[in-house]
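Chains, contacts and geometry: an overview
As a plain string of letters, each chain reads:
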Amino acid sequence: MIRLYSIAFFLLLAFSLGNSANAQLKTSPPIESGRFRFYETKQLRGEETYEIRADNNGELTIQARTELPFAEQEKKPLVNATLRTKFDLTPLAFEIKGPTLLDIDEDTSVTVQGNTARIQDRGTTNTIDLSRNFFTLSGYVPLTIEMMLIRYWLAHGQPASIPLLPKGEAFV
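Quick caveat, the model's predicted, so the values are computed rather than measured. (Residues numbered from 1 in each chain as written. Predicted model: local features only at pLDDT ≥ 70, side-chain atom pairs only at ≥ 80, totals over all residues. Heavy atoms only, no water.)

Observations concerning helix α2 (residues 143-155)
With 13 residues, α2 ought to run about 18 Å at 1.5 Å a step, and its terminal C-alpha atoms sit 19 Å apart, in line with that. Buried residues of α2: Thr144, Ile145, Met147, Met148, Leu149, Tyr152 and Trp153, and no others. Downstream of α2 by a residue or two, Gly157 has a phi angle that is positive, lying close to 80°. (Helix = DSSP H or I, 4+ residues; strand = E, 2+ residues; numbered from the N terminus. Expected span 1.5 Å × (residues − 1). Buried < 20%, exposed > 50% of the residue type's maximum accessible area, 1.4 Å probe, protein only.)

Overview of the nonpolar core
In this structure, Phe135 and Met148 are the most contacted members of the largest nonpolar core, which totals 33 residues. Looking at this core, the elements that each hand over two or more residues are β2 (43-54), β3 (60-67), β4 (78-85), β5 (91-99), β6 (105-113), β7 (116-121), α2 and β10 (162-165). For this core, the element with the highest residue contribution is α2, accounting for 6 residues. Phe135 has contacts with Leu83, Leu89, Pro91, Ile145, Met148, Leu149, Tyr152, Ile162, Pro163, Leu164 and Leu165, leaving out every residue within four places of it along the chain. (Core = buried A, V, L, I, M, F, W, Y, C linked by side-chain atoms within 4.5 Å. Contact = heavy atoms within 4.5 Å.)

As for a nonpolar patch on the surface
On the surface, a cluster of nonpolar side chains totalling about 360 Å² of accessible area is made up of Leu101, Leu102, Ile104 and Tyr140. Tracing the backbone through its elements, the reader meets Ile104 in the loop between β5 and β6. On the accessibility criterion, Ile104 (36% relative accessible area) is partly exposed. (Patch = residues over 30% accessible without salt bridge, like charges linked within 9 Å, V, L, I, M, F, W, Y side chains within 5 Å. Areas by Shrake-Rupley, 256 points an atom, 1.4 Å probe, with all protein chains shown as cover. Salt bridge = Lys/Arg side-chain N within 4 Å of Asp/Glu carboxyl O.)

Topic: the sheet that holds β2
Across the sheet, 8 strands lie side by side as β1-β2-β3-β4-β5-β6-β7-β8; this open sheet has antiparallel pairing. Both outer strands of the open sheet, β1 (30-40) and β8 (124-129), are each paired with one neighbouring strand and no more. The mean inter-strand angle of the sheet, taken between neighbouring strand axes irrespective of direction, is 10°. Relative to β7, β6 runs antiparallel, the two being bridged by 6 bridges. (Pairing = 2+ DSSP bridges. Axes fitted to C-alpha atoms, helices over the stretch in contact; angles between N-to-C directions.)

A look at the packing of aromatic side chains
Following the criterion strictly, the structure yields 2 aromatic pairs and no others. Aromatic side chains Phe36 and Tyr50 sit 5.9 Å apart centroid to centroid with 25° between the ring planes, which places their arrangement in the stacked category. Here Tyr50 lies in strand β2 and Phe36 lies in strand β1, a separation of 14 residues in the sequence. Relative to Tyr152, the ring of Phe135 has its centre 5.3 Å away and its plane inclined at 50°; by these criteria the two rings are tilted. Highlighted residues: Phe135 in strand β9 (residues 135-136) and Tyr152 in helix α2, separated in sequence by 17 residues. The burial state of Phe135 is the same as that of Tyr152; both residues are buried. (Phe/Tyr/Trp six-rings, centres within 6.5 Å; stacked < 30°, edge-to-face > 60°.)

Observations regarding the sheet that holds strand β11 (residues 169-170)
Here 3 strands make up an open sheet; going across it, the order is β9-β10-β11 and the pairing mixed. Both edges of this open sheet fall to β9 and β11, since each of them pairs with a single strand only. Summarising the sheet, β10 and β11 pair through 2 bridges and their orientation is antiparallel. In the strand pairing of β11, Pro163 is matched with Glu169.

Below is the structure:
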C-alpha cells in the first residue's frame, strides 16, 4: 500500500513539473537579469531586481522591482516598473507604480503609438507629439530604467540631451 502511494505521489509530481515546464516554454526566458543593492553608511537598506526578456518580434520587456524595507519611514518604498521597447531600445510603453522614499507615490504610464504618446501621470492625462529621440523615466528608482536610458543613449549616437516622458530632459 505504501508503495502504491509512493508511485502515485511520484506520478503526480512528474505531471505537475511537466505542466510547469510547458508553461515556461510559452514565456521567453530572460536574456539578462540582475540585482542592485542599496546601502547607507555600510548598512543594507534595500534591493532592486530586474529581468530583460525578448519576444519573437524583437521587442524587449524590462521588469524591475525596488524594495527598501529598511528605510526609516512608515510607508516602506516598493516600486514596480515595466518598460517595453523596440529592439533599438525606443520605448513603446512604460509603467511605474508604488511608494518611493520621501513618501512620493509613483503612478505613471506612457503608451507610444506611432509619433504620439499618451501619458498618465499621477491623475492627469496628456497626449503629445514625439520628437525623434525620447525616453521614458519617472523618479530616481528603479535604477534599471536609468541603466536602459544609458543603453538607449549609446545606441542612438550619444545625443547631447534626450527628452524624457512624462517630463524632463536627460543630459549624459
